[in-house]
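What the coordinates show
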Amino acid sequence: MRNKILTSIQPAAQEFFRTHAQKRKMNTGDVIFEDGGLVSHAVFPHEGVVSIIAEMENGRSVEKSSIGPEGFLGFTLIMGGGNALGRSVVQVPGYASWVTIADLDVALGKFQCVREIMLRYAKSHTVQLMESVACNSLHTAEQRVARWLLHTHDRVEGDTYYLTQEAIARLLALRRATVNAICTDLMNAGAISYHRGSLRITDRQTLHDRACECYDRIRRASL
């Protein structure tokens, strides 16, 4: 169990989730929730990255936010219910615990710590959304790519994960050629190595130096 919410609650509440949650693998491209679709479960990633994507009528798309082991999907469940606020797609594989609405309602009623930590995460997720708006408007493509790579590194075990340049371009609404040039520059700087979708962080400090201040602000909000 690596999900920060589940490891931060009281032992009795942890045992409740161990008993009632179902662990599932998350494979790249898996759709957790469709935009506007029914939210049937709260999903707590232990490893990997899930993007909440906005899709336009012209076929273009962009990532609105992302979620990893620091949080959970389905936070509309603790805000009066409602449907999914975007298409949730796995970008980096991992695994997660799925908890039904009924079991989550029991946990929220039985354990005050569950409600408190989930609301705290909802607040930090709001910070991520607000910072992303500012970042997309004010910072360079290289700064945004470096920030995204750092956040992904925080959410996986080890220094290597699978992520295509095409996926990065689609999530950040950048041209593929732009992402290719940025990754080449980062490789030349020694920050990353990249081969056929396998990306390795080789010098995190250099990558951090290339990112914008939004990375640290979002990270502080999630601690």
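Cut-offs and rules
Residues numbered from 1 in each chain as written. Predicted model: local features only at pLDDT ≥ 70, side-chain atom pairs only at ≥ 80, totals over all residues. Heavy atoms only, no water. Salt bridge = Lys/Arg side-chain N within 4 Å of Asp/Glu carboxyl O. Helix = DSSP H or I, 4+ residues; strand = E, 2+ residues; numbered from the N terminus. Buried < 20%, exposed > 50% of the residue type's maximum accessible area, 1.4 Å probe, protein only. Arc of directions from axis to C-beta. Contact = heavy atoms within 4.5 Å. Pairing = 2+ DSSP bridges. Axes fitted to C-alpha atoms, helices over the stretch in contact; angles between N-to-C directions. Left-handed = near helix turned anticlockwise from the far one by under 90°. Lys, Arg positive; Asp, Glu negative; His and termini not counted. Polar contact = N/O pair within 3.5 Å; in protein donor to acceptor, adjacent residues only side chain to side chain. Core = buried A, V, L, I, M, F, W, Y, C linked by side-chain atoms within 4.5 Å. Expected span 1.5 Å × (residues − 1).

1. Looking at the pattern of salt bridges
Counting across every chain of the model gives ten salt bridges. Between Arg87 and Glu55 there is a salt bridge, with its nearest N and O atoms 3.8 Å apart. Of this pair, Arg87 sits in strand 5 (residues 87–100) while Glu55 sits in strand 3 (residues 41–55), and the two are 32 residues apart along the sequence. The exposure class of Arg87 is partly exposed, given its relative accessible area of 22%. A single salt-bridge network, built from bridges that share partners, covers Glu34, Glu55 and Arg87.

2. Examining helix 3 (residues 101–110)
Regarding helix 3, the residues found buried are Asp103, Leu104, Ala107 and Leu108. Looking straight down helix 3, one finds its buried side chains confined to an arc of 140°; they lie on one side. Opposite the packed face of helix 3, turned more than 90 degrees from it, sit the exposed residues Ala102, Gly109 and Lys110. Each element contacted by the buried residues of helix 3 is listed here: helix 2 (11–20), strand 3, strand 5 and helix 4 (112–138).

3. Some points on the pairing of strand 8 (residues 198–201)
Alternating residues of strand 8 divide into Leu199 and Ile201, all buried, and Ser198 and Arg200, none buried. Where strand 7 (residues 192–195) meets strand 8, four bridges bridge the pair, whose relative direction is antiparallel. Within the sheet, the bridge partner assigned to Ser193 lies in strand 8 and is Arg200.

4. Considering the packing of helix 6 (residues 165–172) against helix 7 (residues 176–188)
At a closest axis distance of 9 Å, the pairing of helix 6 and helix 7 adopts a crossing angle of 120°. The two elements helix 6 and helix 7 meet at a crossing, and its hand is right-handed. Between helix 6, through Gln165, Glu166, Ile168 and Ala169, and helix 7, the contact on the second element is made entirely by Arg176, Val179, Asn180 and Cys183.

5. Quick word on the pairing of strand 5
Side-chain positions along a regular strand alternate between the two faces of the sheet. In terms of burial, strand 5 is a largely internal element, ten of the 14 residues being buried. Bridge count for strand 1 (residues 22–26) against strand 5 is five bridges, and the pairing is antiparallel. Pairing of Lys25 across the sheet is with Tyr95, part of strand 5. With two bridges connecting them, strand 2 (residues 31–33) and strand 5 associate as antiparallel partners. Among the inter-strand pairings, Val31 is bridged to a residue of strand 5, identified as Val89. The sheet contact formed by strand 3 and strand 5 spans eleven bridges and is antiparallel.

6. Regarding the side chain of Glu63
Tracing the sequence through the fold places Glu63 in strand 4 (residues 61–67). Arg147 provides the closest opposite charge to the buried, salt-bridge-free Glu63, at an N-O distance of 6.0 Å. For Glu63, the side chain forms a polar contact with the side chain of Trp148, separated by 2.9 Å. Apart from residues no more than four positions distant in its own chain, Glu63 is found in contact with Ser51, Ile52, Ile53, Trp148 and Leu171.

7. Describing the nonpolar core
Phe17, Phe44, Phe72, Val114 and Met118 are the most contacted members of the largest nonpolar core, which totals 35 residues. Among the secondary structure elements, those contributing two or more residues to this core are helix 1 (4–8), helix 2, strand 2, strand 3, strand 5, helix 3 and helix 4. Counting residues in each nonpolar core, the second largest holds 30 residues, with Val92, Val179, Ile182 and Leu199 among its members.

8. Focus on the environment of Ala181
Topologically, Ala181 is positioned in helix 7. Take Ala181: its relative accessible area is 45%, and that puts it in the partly exposed class. Residues Ala181 and Glu142, spaced 39 residues apart in sequence, show a C-alpha to C-alpha distance of 9.2 Å.

9. Focus on helix 5 (residues 141–154)
Counted at 1.5 Å a residue, the expected span for helix 5 with its 14 residues is 20 Å, and the 20 Å between its end C-alpha atoms agrees. Among the 14 residues in helix 5, ten count as buried, and that is most of the element. Of the residues making up helix 5, those classed as buried are Arg144, Val145, Ala146, Arg147, Trp148, Leu149, Leu150, His151, Thr152 and His153.

10. Quick notes on unusual backbone geometry
A negative phi angle characterises most non-glycine residues, just as the trans form characterises most peptide bonds. One non-glycine residue, Ala173, adopts positive backbone phi at about 55°. Structurally, Ala173 is set in the loop between helix 6 and helix 7. Its identity as a non-glycine residue notwithstanding, Arg196 has a phi of 50°, on the positive side. Turning to its location among the elements, Arg196 is positioned in the loop between strand 7 and strand 8. Overall, the relative accessible area of 73% leaves Arg196 in the exposed class.

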